[in-house]
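Examination of the molecular architecture
Chain residues, written in single-letter form:
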Amino acid sequence: MALGNLLDLIGNTPLARVDFGSPATVYAKLEYLNPSGSVKDRSARYMVEQAEKQGLLKTGGTIIDASSGNHGVALAMIGAMKGYKVIITVSEKISQEKLQTIQAYGAQTVMCPATQFIEDPDSYHSVARHLAQETPNSFMPNQYFNTMNADGHYHSLGAEVWRQTEGRITHFFAGVGTGGTISGTAKYLKERNPEIKVIGIDAANSLRATNGNPKPYKIEGIGIDFTSPVLNYDVIDEIIAVSDEHGLGMLPKLARNWGLLGGPSSGAVAYAVQQYAKQLSTDAMAVMIFGDSGRAYLSKGFYGEPRHMRAVSHVMRDTSHTIEL
Ligand SMILES: Cc1ncc(COP(=O)(O)O)c(C=O)c1O
């Protein structure tokens, strides 16, 4: 049993075997079982603790950053535990659940328009930078440009995947947003075994996937929309772009056929892995990252038609049939 303070309990998430009909062994790494509910607990903790060590974050300080949601949730939890104020800038694309979770931890949120380019002065990243400049005794982890984001995953997720698979992993799949998860994890894995194939999942309408002509997309958390020092292409073998239709379409299937309630990035990753795994052999072992849970997106209606009955005295009614008790 895991014992320790909340931050000590980050990581050691389970690998769930998923039968995608492939000859290979496929595991989903259930990052939604981290204390604040996502893979971002690992990098947020690392960046905050490094800042403390370097004297960049001091008692009474304020943590400010831009987030598609989960990094903000993680910072809000860590700030609550360690006694820092937290301000998170978010874009209009964020789910109500993630927004309200950040607020529930006592952090302040700032809503920004969903711009297509991160350099736009109205983007959540630009607004966070501005706020950090204006706020005394503040620290901006700057997840989109701070390579410590990837370092956090190198030490945490990379080492863990290697240990849990006893070095037998042959393929690693992860969604790419800042690139921290894939870059840090892949660096660790490739140092142990350069033969391991690393596959990143991008959004089909991202800047990269559209060769500089991005269009809006619904999947939250992933999408390569700018050139980031965090994203290390040297350790990535292939990038697969997944459309909203395919990624979100996978969500009800994952929940209803495999009991896996993943968020949109998990849907995109699982879609890519299901296709890819068809060509893998029996001795292959694939690990795919499920970055967060579908519980953070239920209000978005991604999970298919609800099946609901209303109890009226001893009769249950729904639109299609009546059950006499
Ligand atoms: C659910 C989810 N999956 C994947 C990612 C992508 O991770 P990274 O930013 O490390 O590339 C994120 C990033 O916010 C996320 O929230």
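Residues numbered from 1 in each chain as written. Predicted model: local features only at pLDDT ≥ 70, side-chain atom pairs only at ≥ 80, totals over all residues.

1. As for the sheet that holds strand S8 (residues 197–203)
Strands sit in the order S1-S2-S10-S7-S8-S9 across an open sheet of six strands; the sheet is mixed. Looking along the sheet, the strands with just one partner apiece sit at the ends: strand S1 (15–17) and strand S9 (238–242). Sheet twist, expressed as the mean angle between neighbouring strand axes with direction ignored, is 25°. Across five bridges, S8 lies against S9 in parallel orientation. Opposite Ala203, over in S9, you have Val242 as the bridge partner. This element, helix H6 (residues 180–192), spans strand S7 (171–175), S8 and strand S10 (285–290) of the sheet and lies at about 165° to S7. (Pairing = 2+ DSSP bridges. Helix = DSSP H or I, 4+ residues; strand = E, 2+ residues; numbered from the N terminus. Axes fitted to C-alpha atoms, helices over the stretch in contact; angles between N-to-C directions. Contact = placed C-beta atoms within 7 Å.)

2. A look at the site of the ligand
By nearness alone, 18 residues border the ligand, and Gly177, Thr181, Gly221, Ser265 and Gly291 come closest of all. Where the shell around the ligand is concerned, the elements lending two or more residues are helix H2 (70–82) and H6. For the shell around the ligand, the domains that each give at least three residues are domain 1 (6–34 + 147–300) and domain 2 (40–139). (Near = placed C-beta within 6 Å. Domains from an automatic or database assignment.)

3. Quick notes on the pairing of strand S5 (residues 108–112)
Pairing analysis gives five bridges linking strand S4 (residues 85–91) to S5, with the strands arranged parallel. What sits directly across from Thr89, in S5, is Val110. Running through helix H3 (residues 96–104), the crossover from S4 to the neighbouring parallel element S5 is right-handed. (Right-handed = clockwise from strand over helix to strand, strands pointing away.)

4. Regarding the nonpolar core
Phe172, Phe173, Val269, Val273 and Met288 are the most contacted members of the largest nonpolar core, which totals 92 residues. With seven residues, helix H8 (residues 264–276) is the largest single contributor of residues to this core. Taken together, domain 1 (6–34 + 147–300) and domain 2 (40–139) each give at least three residues to this core, which thus spans both. Once you skip the residues sitting within four places of it in the chain, Val273 turns out to touch Phe20, Val26, Phe173, Ala286 and Met288. (Core = buried A, V, L, I, M, F, W, Y, C linked by C-beta atoms within 7 Å. Buried ≥ 20, exposed ≤ 12 C-beta atoms within 10 Å, placed from the backbone.)

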